[in-house]
Amino acid sequence: MAAPLVKAVLGSSDLTLSVRSAVLRFPGFTQVRWSRYSPEFRDPQIDKDYHRKPWAELTEEEKFERELRKTQPIKAARSANTSSVFEDPVISKFTNMMMKGGNKVLARSLMTQTLEAVKRKQFKKFHAASSEEQATIERNPYTIFHQALKNCEPVIGLAPILKGGRFYQVPVPLSDRRRRFLAMKWMITECREKKHRRTLMPEKLSQELLQAFHNQGPVVKRKHDMHKMAEANRALAHYRWW
Amino acid sequence: MTGAPRQPRAEERRNDLGPKASPGGSTHRVRGRGPAMRVQGSGEEGTAATRLLRFPGSTADPSRLSRGGRRGSGLAETGERRRERRGAKAGETKGSSGRPFHFFKSVGTMLKGVTRLVSRVHKLDPGHFLRLGTQAPQSLAAHLDNQVSFESPRAISCTSENDPAKHEEKHEGQHYNLPLQDMKTIFPHGLPPRYAMQMKTFNEACLMVRKPALELLHYLKNTNFAHPAVRYVLYGEKGTGKTLSLCHIIHFCAKQDWLILHIPDAHLWVKDCRDLLQSSYNKQRFDQPLEASVWLKNFKTTNERFLNQIKIQEKYVWNKRESIEKGSSLGEVVEQGITRVRNATDAVGIVLKELKRQSSLGIFHLLVAVDGVNALWGRTTLKREDKSPIAAEELALIHNLRKMVKNDWNGGAIVMTLSQTGSLFKPRKAYLPQELLGKEGFDALDPFIPILVGNYNPKEFESCIQYYLENSWLQHEKAHTEEGKKELLFLSNGNPGQLERLCAYL
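Predicted model only: the values in this text are computed from it and were never measured.

Q: I'd like a rundown of the packing of helix H7 (residues 176–193) of chain A against helix H9 (residues 218–232) of chain A, residues and numbers included.
A: All names here are of chain A. The contact between H7 and H9 brings their axes to 9 Å, and the two run at 130°. Taken together, H7 and H9 sit at an angle that is classed as oblique. In this structure, H7 crosses over H9, and the sense of that crossing is right-handed. Contacts from Leu182, Trp186, Met187 and Glu190 of H7 reach H9 at Pro218, Val219, Arg222, Lys223 and Met226. Class assignment of the residues belonging to the contact of H7 with H9 gives a composition of six nonpolar, no polar and three charged.

See the structure below:
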């Protein structure tokens, strides 16, 4: 997505102007992606409820906001963002990360098949379980997906820092966005590379998601490894200057 | 009955129903209310009492009573209505004129009634309406007509009438249960793969009763077995439910003790065949041993009991050493076909010939059910060793099946389905008989009774969604709301196949 890095992630509808001159120059952030839109363009408001609110119920600020939007140019909405009630930004991001060669149709169908596979597996477990256990079995594939990714997010990361001619792996705090990205990236890489060639992606992915949901499996193990490395290199923390 | 409901009271009620009730005005909160109502009935007398105290004798808002009783708004209201029918209690007002102060004055008299009421409510369970649904006692039916909002969801989407012979117009849109044991015998093959997955997931097999199937059932019930077999063709766009309607018919005929000759998908016989043998019976034709033996195995599972009763009327010679005498049972022919795979195709041919010959004798009624009948007159993707294409009539199985589908025999019926899904060299949008069968096929099948199978109408759609909700198949929180349902309707356009695929990942 061609947008400055400082903007908020995952399709949240904040309305801060992306004025380039107001970008803060952090050492950690360099602006690598430039937007074709000039700074006065506003983000499109996809939320249906925003538009359906009757005029009488708006506060003064909201009324001002609406009036302002009438005069300012608005960017085109992305074709993948819908105003559907079933839309989930995390799922969309994951689908985009799974996509290869721009084949969104395939990526989306894999995602839906994965969710269906997770659901069917959980239903099977549900019917096999006794009535006490049935209350503990989660059958909603979306909650499982979100929880699994949350369980895979590392708390602290490592950055290679050049000091004295050598690169040291220094423990470094990660932003929310970076953590979510790492969780999804690890999940997808694990499924693509470490599994048998002939297993299909929905099958692999549903298995990994269910394992991560229960805090088991290779992706959570990788997160723990990352934490252990960070703990081991604790002494190098001073090399970080931001 | 009552005047316009008071807005504040309606708000109160919505807030009262707990976290699952959305203030956005959606009253379709059946799932959310179910467990809450059961909990209420099982003895939280305090909350039930206060709830009733707030709206004594108030019936459901007319504004919320729109088409179709899908608001399972609960047993508290049923109890209320029953109380009304028994006669208004002191201090109870019907409807709009009640003010908070009046409630508290008559608390004493009301509480007595409420405790009695709650114990009655406790006895009612959702199954109560299921049992009532088919018998429809007069008073309750009259009330149901007026206040549809308290029908339980099971009464709308499911019916207890599990015998297809008794299905009528009133069951339209409702699901009926097929016992899983029957499914194994009647449908060893022939169910659509997604439906089989659904059966496995839900641990139950439910089919919706729809108009095309009801029409066909009516015709079949009035068949005259002395006349030549009538041909019925189910046609429609992709995903509308032709195969499942056929399954409904097959279930009916199996229950009526007909002999079922079910070819699950004729397209499978005209493509992807690894081993084609030159037929020993006729040098110009080709045998398909694998397909034929698989079909014979499934045929045996379905029609076990008939195989010993039917005796063949001719001697058949398999090869120099083996032959089968006149008067031996059909079961032996089938066994021969299953064990000697080389002769399977010929065994199938014999079975079809004998059944056709003997169906007019009246020992059994014969149902020929072919799914994807347009394969019989289409092209094949099979080739000879010299890469020249094989026409459909050069396959022995297809040749025999064509003879079976001709209406020169009596004592049964022929029900067929057209299908573009597995078809070869046909455009995706084609669904009409003329387009799929071609000139040759149409002339061969002419005259036939065409039955169009269409998308869900609003009632059927609602029933389908209810069924999914009951089985907790729709797990997404937004799927329970009106917005979600409208979106599902829009995305699927009422197409049953599409709806099923959509709901699978929601």
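Q: Give me the interface of chain B and chain A: which residues, what numbers.
A: Contact residues are listed per partner, giving 24 residues for chain B and 17 residues for chain A. Ranking the residues of chain B by area buried against chain A places Gln475, Glu487 and Tyr505 of chain B at the top, with a combined share of 32%. Taken together, chain B and chain A are joined by three salt bridges. Close ionic contact of Lys48 of chain A with Glu483 of chain B constitutes a salt bridge, the shortest N to O distance being 3.9 Å. One can count 15 residue pairs in polar contact (both at pLDDT 80 or more) joining chain B with chain A. Of all elements in the fold, only helix H11 (193–202), helix H21 (482–492) and helix H22 (496–504) of chain B reach the threshold of two or more residues within the side of chain B that touches chain A. Per-element accounting of the side of chain B that touches chain A gives the leading share, five residues, to H11 of chain B. Class assignment for the residues of the side of chain B that touches chain A results in 10 nonpolar, eight polar and six charged.

Q: Outline the pattern of salt bridges, supporting the account with residue identities and numerical values.
A: Summed over the entire model, instances satisfying the criterion amount to 29 salt bridges over all chains. Here Lys75 of chain A ties to Asp43 of chain A by a salt bridge, and the two come within 3.7 Å at their closest N and O atoms. Residue Lys75 of chain A is found in the loop between helix H2 (60–71) and helix H3 (89–98), and its partner Asp43 of chain A is found in the segment before helix H1 (48–52); the two are separated by 32 residues along the sequence. Of the charged contacts, one joins Lys53 of chain A and Glu62 of chain A as a salt bridge, the two residues approaching to 3.4 Å between their closest N and O atoms. Judged by its relative accessible area of 32%, Lys53 of chain A falls in the partly exposed class. Look at Glu62 of chain A and you get partly exposed, because its relative accessible area is 29%. Salt bridges here are not isolated pairs; linked through shared partners, they connect Glu116 and Arg120 of chain A together with Arg194 and Glu500 of chain B.

Q: Could you give me a rundown of the packing of aromatic side chains, with the residues and numbers involved?
A: For the coordinates displayed, the defined rule picks out 13 aromatic pairs over all chains. Taking the centre distance of 6.3 Å and the plane angle of 65° together, the rings of Phe306 of chain B and Phe364 of chain B count as edge-to-face. Remark: Phe364 of chain B occurs in the loop between helix H17 (344–358) and strand E9 (366–371) and Phe306 of chain B occurs in helix H15 (residues 304–307); sequence separation between them is 58 residues. Judged by relative accessible area, which is 3%, Phe364 of chain B ranks as buried. A network of ring pairs unites the aromatic residues Phe123 of chain A together with Phe202, Tyr467, Tyr468 and Trp473 of chain B as a single cluster. Here the guanidinium or amino end of Arg66 of chain A rests over the ring plane of Tyr50 of chain A, the centre of that ring lying 4.5 Å away. Taking NZ or CZ as reference, Arg139 of chain A lies 3.6 Å from the ring centre of Phe126 of chain A, over its face.

Q: Give a detailed account of the domain arrangement of chain A, specifying residues and quantitative values.
A: By the assigned domains, chain A splits into domain 1 (42–85) and domain 2 (88–239). Averaged C-alpha coordinates put domain 1 of chain A and domain 2 of chain A at centres separated by 33 Å.

Q: How would you sum up the nonpolar core? Please name residues and give values.
A: Counting residues in each nonpolar core, the largest one holds 60 residues, and the members touching the most others are Leu261, Leu296, Phe299, Leu355, Leu366, Val373 and Leu445 of chain B. Here this core takes seven residues from H17 of chain B, the largest share from any one element. Apart from the residues lying within four places of it in its own chain, the contact partners of Leu355 of chain B are Leu259, Leu261, Phe299, Ile310, Leu330, Phe364 and Leu366 of chain B. Counting 58 residues, the second largest nonpolar core, distinct from the first, contains Phe94 and Leu182 of chain A together with Tyr468 and Cys503 of chain B.

Q: How would you sum up H2 of chain A? Please name residues and give values.
A: In an α-helix, one full turn covers 3.6 residues, which means residues spaced three or four apart are oriented alike. Taking 1.5 Å of rise per residue, the 12 residues of H2 of chain A would be expected to cover 16 Å, and the 17 Å separating its terminal C-alpha atoms lies within 8% of that figure. At its buried positions, H2 of chain A is contacted by H1 of chain A.

Reading the values: the criteria
- Residues numbered from 1 in each chain as written.
- Chains lettered and ligands numbered in written order.
- Predicted model: local features only at pLDDT ≥ 70, side-chain atom pairs only at ≥ 80, totals over all residues.
- Heavy atoms only, no water.
- Axes fitted to C-alpha atoms, helices over the stretch in contact; angles between N-to-C directions.
- Helix = DSSP H or I, 4+ residues; strand = E, 2+ residues; numbered from the N terminus.
- Parallel < 35°, antiparallel > 145°, perpendicular 65-115°, else oblique.
- Left-handed = near helix turned anticlockwise from the far one by under 90°.
- Contact = heavy atoms within 4.5 Å.
- Nonpolar A, V, L, I, M, F, W, Y, C, P; charged D, E, K, R; others polar.
- Buried area = accessible area lost by both parts, 1.4 Å probe.
- Salt bridge = Lys/Arg side-chain N within 4 Å of Asp/Glu carboxyl O.
- Polar contact = N/O pair within 3.5 Å; in protein donor to acceptor, adjacent residues only side chain to side chain.
- Buried < 20%, exposed > 50% of the residue type's maximum accessible area, 1.4 Å probe, protein only.
- Phe/Tyr/Trp six-rings, centres within 6.5 Å; stacked < 30°, edge-to-face > 60°.
- Lys NZ or Arg CZ within 6 Å of the ring centre and 35° of its normal.
- Domains from an automatic or database assignment.
- Core = buried A, V, L, I, M, F, W, Y, C linked by side-chain atoms within 4.5 Å.
- Expected span 1.5 Å × (residues − 1).

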